[in-house]
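One letter stands for each residue in the lines below.
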Amino acid sequence: KEVDTDIYKSKEFIVDLTASDSATQDMTLLKQSYSLPKGQVVTFDPTKQQSVKLDDGTLISIPANAITNTGTVTLTAEPVADLAEEADAKPLAYGYDLNTVDQTGKDLKNFNSNVTLESKYQDSWLDDSTVLDETELTIGYYDTAAGTWQELTNCSVNKTEKTVTCQVNHFTRF
């Protein structure tokens, strides 16, 4: 649940329905240790290298001509708290819906070359998760066709800087 920039979640519960076709479970919503940052919209010349730093320190590095090589590009980065959770894919905090369009409004989904996403994390996010080793952190994207999270494979974790850096060739929900 979102209230302004505050995010509330409950602990995960497994409800056993093997002996009955109904059950109840009391849940308490707890305020999370993070807030939802502001969204951003940036328009730029795609023939020049771009570095877009979001309010939470997330860095999007776009090489020249990576998205397209003509016109202008508008990047929208909208934070999202309501992320799907799966048994083996549980987002630490919030994500972003990233989208790019050209000057005519046409979606630019697949890129000419990779773009770098660098996402910051906090120790408190790890404390609230099931992550045992922060080197296992990765960035994933939600595959709407498959209805599951897909891990990006070309990622690295900098434990000192508390960042996860990955290469992507498209924008979607991360």
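All of the points below concern the structure found in this document. It should be emphasised that the depicted structure is a prediction, and the values quoted were computed from it without experimental measurement.

**What about the overall build of the chain?**
Phase 1: Each helix and strand in the chain was counted, giving one helix and 13 strands.
Phase 2: Taken over the C-alpha atoms alone, the chain extends approximately 60 × 35 × 30 Å along its principal axes.
Phase 3: In the chain, once contacts between residues fewer than 6 apart in sequence are set aside, the share between residues at least 24 apart is 61%.
Phase 4: Accessible surface for the chain amounts to roughly 10500 Å². Of this, 45% is attributable to carbon and sulfur atoms.

**Points about the sheet that holds strand β5 (residues 50–53)**
Phase 1: As summarised here, the arrangement of the five strands in space is β5-β6-β9-β13-β12, forming an open sheet in which the pairing is antiparallel. The outermost strands of the open sheet, each flanked by one partner alone, are β5 and β12 (155–158). Strand-to-strand twist in this sheet, taken as the mean axis angle between neighbours without regard to direction, amounts to 20 degrees.
Phase 2: Alignment of strand β9 (residues 110–120) against strand β13 (residues 163–170), held across seven bridges, turns out to be antiparallel. Following the sheet pairing, K120 is matched in β13 by T163.

**Remarks on the sheet that holds strand β8 (residues 95–102)**
Phase 1: Read from one edge to the other, the open sheet built from three strands follows the order β4-β7-β8, with strand pairing classed as antiparallel. Strand pairing shows two members of the sheet lacking a second neighbour, β4 (40–44) and β8, which therefore form its edges. Each adjacent strand pair in this sheet contributes to an overall mean axis angle of 15 degrees, direction not counted.
Phase 2: Pairing of strand β7 (residues 73–80) with β8 involves eight bridges; the strand directions are antiparallel. Looking at β8, one finds that L75 is bridged to T100.

**Topic: the packing of aromatic side chains**
Phase 1: The full count for this structure, using the stated rule, is four aromatic pairs.
Phase 2: For the ring pair Y94 and Y96, a centre distance of 6.0 Å and an interplane angle of 80 degrees mean the geometry is edge-to-face. Of the two residues, Y94 and Y96, neither departs from the other in class, the shared state being buried.

**Description of the state of the cysteines**
Phase 1: Evaluated as defined, the whole model comprises one disulfide.
Phase 2: Disulfide pairing places C155 opposite C166 at an S-S distance of 1.9 Å. Sign of the S-S torsion, about 110 degrees for the bond between C155 and C166, identifies this disulfide as right-handed. Here C166 lies in strand β13 and C155 lies in strand β12, a separation of eleven residues in the sequence.

**A few points about the pairing of β13**
When a strand is regular, its side chains alternate between the sheet's two faces.
Phase 1: For β13, the buried fraction is high: six of the eight residues fall into the buried class.
Phase 2: Note that β12 and β13 share four bridges and pair antiparallel. In the strand pairing of β13, N158 is matched with T163.
Phase 3: The antiparallel hairpin formed by β12 and β13 contains four residues in its connecting segment, where K162 sits at a positive phi of about 60 degrees.

What counts and how
- Residues numbered from 1 in each chain as written.
- Predicted model: local features only at pLDDT ≥ 70, side-chain atom pairs only at ≥ 80, totals over all residues.
- Heavy atoms only, no water.
- Helix = DSSP H or I, 4+ residues; strand = E, 2+ residues; numbered from the N terminus.
- Contact = heavy atoms within 4.5 Å.
- Areas by Shrake-Rupley, 256 points an atom, 1.4 Å probe, with all protein chains shown as cover.
- Pairing = 2+ DSSP bridges.
- Axes fitted to C-alpha atoms, helices over the stretch in contact; angles between N-to-C directions.
- Phe/Tyr/Trp six-rings, centres within 6.5 Å; stacked < 30°, edge-to-face > 60°.
- Buried < 20%, exposed > 50% of the residue type's maximum accessible area, 1.4 Å probe, protein only.
- Disulfide = S-S within 2.5 Å.

Scope: geometric values only; no functional claims are made or implied.
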